[in-house]
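# Structure at a glance
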Amino acid sequence: KKVKLLSPEEDRKTSPTVIAMDAIKASFETYQKEHLELMLIKAYTGFVAAKEDDVAGEVVATGSWGCGAFYNGEPVMFAIQSLAANAAGVALTYHVLGDGRRLAPAFELLEEALVKKLSIKEALELLAERCANDPAFRTKFKPRSAM
């Protein structure tokens, strides 16, 4: 039986476009506004690139970006990616780790931003406030005890 060779043109129509975005490594417990702004810019840049791809279109599939070895918190990273997707004009398909219950604080924040008709800048300020005051919006970083 003869093996059919792949056609780059046909394959392009059926394969996903992969966008690689580096997340910041949380070496701190509490996000500062500068951290949030940097991550928003990174996610926005990646999502705009996906939107400009003629195959990828306007849907981005993502997940708990930077929430493993980089110690970022799922609610913060979900909120950041949601804001970036909105700014970039793409729909977000989010794949959760586990049952997704850890995202509840982010959904509450995003719902508040939507109800209050906040701009992306105002929503980011609300997120920064939550990061400063709500343990649910902290990183997973734990400093080593002084010996």
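Refer to the structure printed above.
About the criteria used
Residues numbered from 1 in each chain as written. Predicted model: local features only at pLDDT ≥ 70, side-chain atom pairs only at ≥ 80, totals over all residues. Heavy atoms only, no water. Pairing = 2+ DSSP bridges. Helix = DSSP H or I, 4+ residues; strand = E, 2+ residues; numbered from the N terminus. Right-handed = clockwise from strand over helix to strand, strands pointing away. Salt bridge = Lys/Arg side-chain N within 4 Å of Asp/Glu carboxyl O. Buried < 20%, exposed > 50% of the residue type's maximum accessible area, 1.4 Å probe, protein only. Disulfide = S-S within 2.5 Å. Contact = heavy atoms within 4.5 Å.

## A look at the pairing of strand 2 (residues 91-94)
The pairing of strand 1 (residues 59-62) with strand 2 spans four bridges and is parallel. Looking at strand 2, one finds that A61 is bridged to T93. Following the chain from strand 1 across helix 3 (residues 74-88) to the adjacent parallel strand 2, one finds a crossover that is right-handed.

## Some details on the pattern of salt bridges
Pairing of side chains with opposite charge becomes possible as their charged atoms draw close. In total, this model carries seven salt bridges according to the counting rule given. Taking the shortest distance from any N to any O, the salt bridge between K140 and E74 comes out at 3.3 Å. A residue pair is termed long-range when its members are at least 10 positions apart, and K140 in the segment after helix 5 (120-133) and E74 in helix 3 qualify at 66 residues. Under the relative-accessibility criterion, K140 is labelled partly exposed at 33%.

## Side note on the state of the cysteines
Taken as a whole, this structure holds zero disulfides when the rule is applied. In this structure C67 is a free cysteine whose sulfur lies 12 Å from that of C131, the closest cysteine sulfur available. Overall, C67 belongs to the buried group, its relative accessible area being 4%.

## What about the environment of G63?
As for its position among the elements, G63 is in the loop between strand 1 and helix 3. Spatially, the C-alpha atom of G63 lies 18 Å from that of K51, the residues being 12 residues apart in sequence. Setting aside residues no more than four positions away along its own chain, G63 makes contact with Q81, Y94 and H95.

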